[in-house]
Amino acid sequence: MEPKIQSTSWNPEIIEKAILKKWEENDIYHFTVDDGSKPAFVIDTPPPYPSGRPWHIGAAAHYAQIDMIARVARMNGKNVLFPIGIDRNGLPVEIYTEKKYKVRMRQMDRQKFLDLCKVALDDLEAEMIQIMKRMGLSGNFKEYYRTDSDEYRALTQATFIELWKRGLVYLANRPNNYCPDCGTTIADAEIVYNEIPTKLVYMKFKVRGKEKDEGEKNNKNNDGAAIIVASTRPELLFACQAVIVNPEDDRYKHLLGSRAILPLFDREVSIVPHHSAKPEFGSGAVMVCSYGDQNDVQLFRELGLKEIVALNENGFTTEVAGQKYAGLRVNQARTKIIEDLKNAGLMEKEESITHRTPLCERSKTPIEIIPLHDYYVKQIEFVPQLKELAFKLKFHPEIHRQILLKWLDSINIDWPVSRRRFYGTEIPIWYCNACKAPNLPPSDGKYYRPWKDKPPFEKCEKCGSFDSGFTGEDRTFDTWMDSSISPLYVTKFGKGNNNNNKIFDYTYPTAIRPQAKDIIRTWLHYTMLRCVQLTDKIPWREAWIMGYGVDEKGEKMSKSKGNVIDPFPVIQKYGADTFRFWSASEANLGYDFRCSEQKIAGAQKFLSKLWNIGRFLSSFEVIDERQAPQRLEPSDRWILAELDRLVKECKRGYDEYNFFIPANAIRDFTWHLFAAHYIEMVKGRAYTTINNNNNDDDDDDNNKNEEYDGRRSALYTLHRCFSTILSLIAPIIPFIVEELWTKMYSSEFTFHRQAIFREEQTLEKVQEDVEMTKYTKALIDFNSMVWNKKKETISKETGKPLSLKDPIHIPVPPELDQFGQDLRSMHNLTTR
Ligand SMILES: [Zn+2]
Ligand SMILES: [Zn+2]
């Protein structure tokens, strides 16, 4: 029989593109609520940031695996909603636009800047969508969403207004993290810490003795004495309000209660005992400024110190610094103050140290802490509830639950959500010009832009003023305010009648949140917080956490290191399936994985092998379940027992969404057992032609039937193994499976929705045969021994080593007796 598969090699460039086109034209991944008889399976897909090329290869691998989650669920009979969104809000977009068009956001018209952002985003987005499609993502591309659409932003605003009504939002003036580069408040969750080299400066503070009426035993007059204060932030000297020393530190006990005089600024502050001063750090005496770090914030509160505003919102020193030092950048002020201290003989020494410095996660700038008016969403009071829910959420892998719990434990401030940026969802507030009270629009699903739109009301709610007018808020939300409602957006929260939202009821809570490890404390936490506030329910049943893609040496990929791999050319060159198979076989769930083009190229070998096996088998007719012989030969029962083991192993992997397990198990089985041993063992039977009877035995009907059954048993088993392999691996490499499946077994697209673990794969008779796997090692050893022996044996006729087809005299060991016929035929073993 002619093979049904003609092409001698798998050609992804042509075939994958043709298949993509078919999938798209037939809209086979369409989600409809009409399929409501099946359970819904909604993936809360992370909408990627289009922040500039190249898109990280690790990110592309991440999305390929999310697609595997979707395909597994679909094959398991679920009604899958796999939304595709693009996160277009926020800072990376603004920075990219400023760079691309060589403009400065704050120096141009806001609307014009927003328009430029949109154009830049459209280009980046088109590229990302193209890559996602080319990878074969079975997502809902038809209805892909953008977080900067009017509809999305309206939902962000409506949910904020809802929280406001319920008293979960408040305005406060507090010392807050501020990035001078980004020009905005940032949340604790957006801070990273880095060891950075800096100078520890030892400054001489003169000391003035205690007041006379405080008379105590050790009240010596300390006038004229000095205390050395060590600080990494001498530029904040003028904002110092106290000097602390450890109460156990004998060096300073006599100074407690005295006053220290700030060098250069000549102002007196108290010397106070406090445990946070470490005797072993610097001189053991520390200045407390508003605000050098979070510890200062704590100390100001604890000691009741009066805040001095040292820096303004542009990161410049304020007039409190005095004429000489006001209006400077932090670094300029630092240089100048150090210089003046030196000249005045007030600096004892400088020491080089590395200091754990808080940096803005996005711009990597050291953050400042300055008092700012910001809106806060309450989170502290939700922590106990969130912790309880964190235990109800199933984590893949389980170990990453700890990251969330640790973060929840560390929360000690509510979430500041206002940002001084342009490209984001506007805070929907107008302030009354008469009484300054904030007025909010109704949460009616409209999108509001207070910096340019008229308010949708005329009268102030607070003072009742009709004609004073309003001033629109010009700030935007932290972009996590938008991304934290993704599960609500994709399930159509707030749409339809209040109590009759069929889609929402059917799809929420969603099935799974796939995401990266580094945004657990932001995206995962904020989403839980917001959804619990709004729906009182945890938004997903499971969370799937993927590690980072690192380079081949295990280092993080970054543009500055030049080790980022652009996924698109790689996918073009090797095909989507190769890329997907590499991603599955390389990335063990939750762990970091190495990316290299060489490894991706290596993954292609398995696809070629699979193709070749398919091509070979396609020349034999398919014997299906109904035509299966009553009795199977021992070799066939053996491989089916191994197949059963494989199915169980794959099920274990797929149940955990750990594609590393099925990818490697299927490769090993297919290549090293099925092809290397089993196919070779049964080739003889498979090729038997019934009519051409050339054996030595009597030509009786009985024998004919036996042979015929032996052949049928082989063909049935070959196809059953191969079709099972295809259906098991379909979620990982859908293109090649579509092609082989369609040509060999069934019509187009059928495998997408067929059961991944079919009933017959765990038939009882296989269960009974499970013990057959005990022969696996002996079979492999015997076959290898024969192959080696032939290699080592020089033929008397040719003078060369025996070929695999040459006869050789080796007896089959008694323990493999039942496989004797197949083994003798496979190796051409002679009995004498
Ligand atoms: Zn920044
Ligand atoms: Zn008013």
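Residues numbered from 1 in each chain as written. Chains lettered and ligands numbered in written order. Predicted model: local features only at pLDDT ≥ 70, side-chain atom pairs only at ≥ 80, totals over all residues. Heavy atoms only, no water.

Moving on, we get to the nonpolar core. Residues Phe-579, Phe-659, Phe-674, Ile-732 and Ile-733 are the most contacted members of the largest nonpolar core, which totals 121 residues. Once residues lying within four places of it in the same chain are set aside, the contact partners of Ile-733 are Asp-577, Phe-581, Phe-606, Leu-607 and Leu-610. In this structure, Phe-31, Ile-161, Ala-187 and Leu-405 belong to the second largest nonpolar core, which totals 55 residues. (Core = buried A, V, L, I, M, F, W, Y, C linked by side-chain atoms within 4.5 Å. Buried < 20%, exposed > 50% of the residue type's maximum accessible area, 1.4 Å probe, protein only. Contact = heavy atoms within 4.5 Å.)

Considering the arrangement of structural elements, one finds His-677 in helix α19 (residues 660-687). The contacts of His-677, once residues within four sequence positions are left out, are Trp-638, His-672, Ile-780, Asn-783, Trp-787 and Met-826. (Helix = DSSP H or I, 4+ residues; strand = E, 2+ residues; numbered from the N terminus.)

Taken over all residues, the pLDDT of the protein chain has a mean of 90, while the share at 70 or more is 93%. Contacts for the low-pLDDT stretch residues 211-219, under 50 throughout, to residues beyond four places or in other chains number six contacts. Note on residues 692-696: pLDDT is under 50 here. Beyond four places in sequence and across chains, it has three contacts. (pLDDT = per-residue confidence, 0-100.)

Here the zinc ion (ligand 1) is held by Cys-179 (SG), Cys-182 (SG), Cys-360 (SG) and Ser-363 (OG), and the distances to it run 2.1 to 2.4 Å. Each of the four donor atoms bound to the zinc ion (ligand 1) contributes to angles spanning 96 to 118°, and the resulting shape is tetrahedral. Along the chain, the residues donating to the zinc ion (ligand 1) are arranged with the sequence spacing C-x2-C-x177-C-x2-S. Taken together, the positions of Cys-179 in strand β5 (residues 169-179) and Ser-363 in the loop between β13 (347-360) and β14 (368-377) put the pair 184 residues apart, joining distant regions of the chain. Residue classification places Ser-363 among the partly exposed residues on the basis of a relative accessible area of 25%. (Donors = N, O, S within 2.8 Å, 3.2 Å for Na, K, Ca; no water. Tetrahedral: all angles 85-135°; square planar, octahedral: opposite > 155°, others 65-115°.)

We now examine helix α21 (residues 734-744). In terms of burial, α21 is a largely internal element, nine of the 11 residues being buried. Within α21, burial applies to Pro-734, Phe-735, Ile-736, Val-737, Glu-738, Glu-739, Leu-740, Trp-741 and Met-744.

On to the coordination of the zinc ion (ligand 2). The coordination sphere of the zinc ion (ligand 2) contains the protein donors Cys-432 (SG), Cys-435 (SG), Cys-460 (SG) and Cys-463 (SG), at a distance range of 2.2 to 2.3 Å. What the four donor atoms of the zinc ion (ligand 2) show is an angle range of 106 to 114° at the metal, which sorts the shape as tetrahedral. Counting the intervening residues between successive donors of the zinc ion (ligand 2) yields the motif C-x2-C-x24-C-x2-C. Judged by relative accessible area, Cys-435 falls into the partly exposed class, the value being 28%.

Tracing the backbone shows Asp-644 in helix α18 (residues 634-655). Looking at Asp-644, the relative accessible area reads 2%, which means it is buried. In terms of polar contacts, Asp-644 uses its side chain to reach the side chain of Lys-648, at 2.6 Å. (Polar contact = N/O pair within 3.5 Å; in protein donor to acceptor, adjacent residues only side chain to side chain.)

Right, let's get into the pattern of salt bridges. Evaluation of the coordinates by the stated rule reveals 55 salt bridges. Ionic pairing is found between Arg-401 and Glu-398, a salt bridge with its closest N-O pair at 2.8 Å. For Arg-401, a relative accessible area of 7% corresponds to the buried category. Assessed through its relative accessible area of 45%, Glu-398 is described here as partly exposed. A salt bridge links Glu-649 to Arg-652; the shortest N-O distance between them is 3.2 Å. Remark: Arg-652 and Glu-649 occur in helix α18; sequence separation between them is three residues, near one turn of the helix. Using a relative accessible area of 30% as the deciding quantity, one classes Glu-649 as partly exposed. (Salt bridge = Lys/Arg side-chain N within 4 Å of Asp/Glu carboxyl O.)

This part takes up unusual backbone geometry. Residues His-396 and Pro-397 are joined by a peptide bond in cis, for which omega reads -10°. For Pro-397, the location among the structural elements is in the loop between β15 (394-396) and α10 (401-410). Each neighbour pair has its own omega, and for Tyr-508 with Pro-509 the value is -5°, a cis peptide bond. Structurally, Pro-509 can be placed in the loop between α13 (502-507) and β22 (510-516). Backbone geometry at Lys-102 places phi at a positive 50°, although glycine is not the residue there. For Lys-102, the location among the structural elements is in the loop between α3 (91-101) and α4 (110-134).

The next point concerns the packing of helix α16 (residues 576-586) against α21. Packing of α16 against α21 brings their axes to within 7 Å, and their N-to-C directions diverge by 120°. Between α16 and α21, the angle is such that the two are oblique. Residues Ala-576, Asp-577 and Arg-580 of α16 pack against Pro-734, Phe-735 and Ile-736 of α21. (Axes fitted to C-alpha atoms, helices over the stretch in contact; angles between N-to-C directions. Parallel < 35°, antiparallel > 145°, perpendicular 65-115°, else oblique.)

This part is about the pairing of strand β7 (residues 191-208). The pairing of β7 with β13 spans 13 bridges and is antiparallel. Within the sheet, the bridge partner assigned to Asn-194 lies in β13 and is Thr-357. Where β7 and strand β8 (residues 226-231) come together, six bridges link them in antiparallel fashion. Bridged to Met-203 within β8 is Val-229. With three bridges joining them, β7 and strand β10 (residues 259-261) adopt antiparallel strand pairing. Considered in β10, the bridge of Lys-206 is made with Ile-261. (Pairing = 2+ DSSP bridges.)

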